[in-house]
Amino acid sequence: MFTRLISFLVLTGFYAGFGTGQPLVPALIIMGDSVVDAGNNNLRLTLVKANFPPYGRDFLAHTATGRFSNGKLAIDFTAENLGFTSYPVAYLSQDAANETNLLTGANFASGASGYHDGTSLLYNAISLTQQLENYKEYQSKVTSMVGRDKANEIFKGAIHLLSTGSSDFLQSYYINPILNAIVTPDQYSDRLMRFYSTFIQNMYRLGARRIGVTTLPPLGCLPAAITMFGGIGSNTCVERLNRDAVSFNTKLNNTSVNLANKLPGLKLVVFDIYNPLLNMVMKPEENGFFESRRACCGTGTVETSFLCNALSVGTCSNATSYVFWDGFHPSEAANRVLADNLLGQGFSLISQT
């Protein structure tokens, strides 16, 4: 209730341009992994894709765009909440070929990428380092269209959202027996923090002044994580994974405070998605859901990417009652709840002071 109140106050207090199609910020830039990937993996030689049914079955025109959900992502709802009339285009898609589409932002995210470039290499995803290079190219295109002064205004005023880290743990650290035998989760988090810190400082040098980064979700509550790392027949969250996520998130908050203090003029907000998603998992009925342990696609235990396909047996007919669409990713309905929470938390990113 409190979150909805904050969201209402933000919208009514700052949304003066909504009716005129004027967004609250000049552009929206997205970087990260599959939770925010809008189709950049579609043409890559990788198993981590979502550009086929039943993905996208509840999206606009029932199209599988490469989003890892049945419909909209949390960032799509965020774009709507900010007043944009379209979503940031996937930078490697045909939509980006029309460069005027880039003036209101772009999406550089890639499924299975992480803070650690080594995670991306395992799945031939677009590393965060390469996403940064693509962003530099994007800046050059925008500058050539509107001139340097106007472009710098866009980059400075744009909200830059980073959502990554889950793949570093679930698709790299936990499944690498050598790595997790010699490096503790705490030490691994420290390593990822160094990559994160470098990334934020690089974005700052490129003119970004409004940056939001999401925490890790409750890793141990994702259906695929329960299947892979829980006990045989377990239907409860894997607590050790959740403890690792909480520890990481604490480091993320502390590192972000230090960066904000170090870099003049930087607005850096850490968005908590851990608690809102955990609340949906633990109290589904209170949040309007029926099922929070099994995902909608297939058996609901592990299917994602190519394992979640049109032939998957058992896929639910109505995903709105499910917290998770596939083994790793929220449903559109859950993404809407997450986006509402992001709006309430992101007040400082859209304020002019």
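With an unreviewed UniProt entry as reference, the chain is termed GDSL esterase/lipase, source organism Brassica carinata. Recorded under Sequence similarities (unreviewed entry), the UniProt text for the chain is reproduced unchanged: "Belongs to the 'GDSL' lipolytic enzyme family."

Participant: What exactly am I supposed to notice about the pattern of salt bridges here?
Facilitator: Pairing between side chains becomes possible if they bear opposite charge and their charged atoms approach one another. Applying the stated criterion across every chain, the model contains 7 salt bridges. Linking Asp 186 and Lys 251 is a salt bridge whose minimum nitrogen-to-oxygen distance equals 3.0 Å. Here Lys 251 lies in helix α10 (residues 239-262) and Asp 186 lies in helix α8 (residues 185-205), a separation of 65 residues in the sequence. Overall, Asp 186 belongs to the partly exposed group, its relative accessible area being 38%. Here Lys 251 falls in the buried class, since its relative accessible area comes to 18%. Among the charged side chains, a network of salt bridges with common partners joins Asp 186, Asp 190 and Lys 251.

Participant: I tried to follow the side chain of Ser 113 on my own but got confused; where do I start?
Facilitator: Examined against the element boundaries, Ser 113 turns out to sit in the loop between β3 (105-107) and α3 (117-123). One polar contact links Ser 113 to Gln 131, side chain to side chain, over a distance of 3.3 Å. Non-local contacts of Ser 113, meaning those with residues more than four positions away in its chain, are made with Gly 32, Asp 33, Ser 120, Ala 125, Ile 126, Gln 131, Thr 164 and Ser 167.

Participant: How should I be thinking about helix α5 (residues 148-157) in this particular structure?
Facilitator: Given 3.6 residues to a turn, an α-helix orients residues that are three or four positions apart in the same direction. Those residues of α5 not exposed but buried are Ala 151, Ile 154, Phe 155 and Gly 157. Where α5 is buried, its residues contact α4 (128-146), β4 (159-163) and β5 (210-214).

Participant: What exactly am I supposed to notice about the confidence of the model for the chain here?
Facilitator: Parts of the prediction with low pLDDT should not have their coordinates interpreted in detail. Overall, the prediction assigns the chain a mean pLDDT of 93, with 94% of residues at 70 or greater. Within the model, the stretch residues 1-20 combines pLDDT values under 50 with 24 contacts to residues more than four positions away or in other chains.

Participant: Quick question: what am I supposed to make of the packing of α8 against α10 here?
Facilitator: Any two packed helices are characterised by the angle at which their axes cross and by the distance between the axes. Following both chains from N to C, one finds α8 and α10 inclined at 30 degrees, their axes separated by 10 Å at the closest point. Considered as vectors, α8 and α10 are oriented roughly parallel to each other. For the pair α8 and α10, the sense of crossing is right-handed. Residues Pro 185, Asp 186, Ser 189, Asp 190, Leu 192, Met 193, Tyr 196, Ser 197, Ile 200 and Gln 201 of α8 lie in contact with α10, whose contacting residues are Asp 244, Ser 247, Phe 248, Lys 251, Leu 252, Thr 255, Ser 256, Leu 259 and Lys 262.

Participant: What should I look at first to understand the packing of aromatic side chains in this one?
Facilitator: Each aromatic ring pair is summarised here by two numbers: the centre-to-centre distance and the angle between the ring planes. Counting across every chain of the model gives 19 aromatic pairs. Note on Tyr 91 and Phe 108: the rings are 4.9 Å apart at their centroids and 35 degrees apart in plane angle, and the pair reads as tilted. Here the residue Tyr 91 occupies a position in the loop between β2 (89-90) and β3, and Phe 108 occupies one in the loop between β3 and α3, the gap between them amounting to 17 residues. In this pair, the class of Tyr 91 matches that of Phe 108, namely buried. Residues Phe 169 and Phe 248 carry aromatic rings whose centres are separated by 5.9 Å and whose planes lie at 85 degrees to one another, so their mutual orientation is edge-to-face.

Participant: What's the story with the nonpolar core in this structure? I'm lost.
Facilitator: Looking at soluble globular proteins, one finds that nonpolar side chains tend to be buried together. Of all hydrophobic cores here, the largest spans 91 residues; its most connected members are Tyr 115, Tyr 138, Phe 169, Leu 170, Tyr 196 and Ile 200. If one sorts the elements of this core by residue count, α8 sits on top with 8 residues. Counting residues in each nonpolar core, the second largest holds 14 residues, with Phe 68, Cys 308, Tyr 322 and Trp 325 among its members.

Participant: Looking at this structure, how should I read helix α6 (residues 166-173)?
Facilitator: Along α6, 8 of the 8 residues are buried, which leaves the element largely enclosed by surrounding structure. Among the residues of α6, Ser 166, Ser 167, Asp 168, Phe 169, Leu 170, Gln 171, Ser 172 and Tyr 173 are the ones counted as buried. Those residues of α6 hidden inside the fold are in contact with α3, α7 (177-182), α8, α9 (223-229) and α10.

Participant: Is there a simple way to explain the packing of α4 against α8 in this structure?
Facilitator: Orientation of α4 relative to α8, taken along the N-to-C sense of each, is 5 degrees, at an axis distance of 11 Å. Compared by their axis directions, α4 and α8 come out roughly parallel. Contacts between α4 and α8 involve Leu 128, Leu 132 and Tyr 135 on the former and, on the latter, Phe 199, Asn 202 and Met 203. Counted by class, the contact of α4 with α8 contains 5 nonpolar, 1 polar and no charged residues.

Definitions and cut-offs
- Residues numbered from 1 in each chain as written.
- Predicted model: local features only at pLDDT ≥ 70, side-chain atom pairs only at ≥ 80, totals over all residues.
- Heavy atoms only, no water.
- UniProt positions renumbered as here; feature names shortened; annotations may be inferred.
- Salt bridge = Lys/Arg side-chain N within 4 Å of Asp/Glu carboxyl O.
- Helix = DSSP H or I, 4+ residues; strand = E, 2+ residues; numbered from the N terminus.
- Buried < 20%, exposed > 50% of the residue type's maximum accessible area, 1.4 Å probe, protein only.
- Polar contact = N/O pair within 3.5 Å; in protein donor to acceptor, adjacent residues only side chain to side chain.
- Contact = heavy atoms within 4.5 Å.
- pLDDT = per-residue confidence, 0-100.
- Axes fitted to C-alpha atoms, helices over the stretch in contact; angles between N-to-C directions.
- Parallel < 35°, antiparallel > 145°, perpendicular 65-115°, else oblique.
- Left-handed = near helix turned anticlockwise from the far one by under 90°.
- Phe/Tyr/Trp six-rings, centres within 6.5 Å; stacked < 30°, edge-to-face > 60°.
- Core = buried A, V, L, I, M, F, W, Y, C linked by side-chain atoms within 4.5 Å.
- Nonpolar A, V, L, I, M, F, W, Y, C, P; charged D, E, K, R; others polar.

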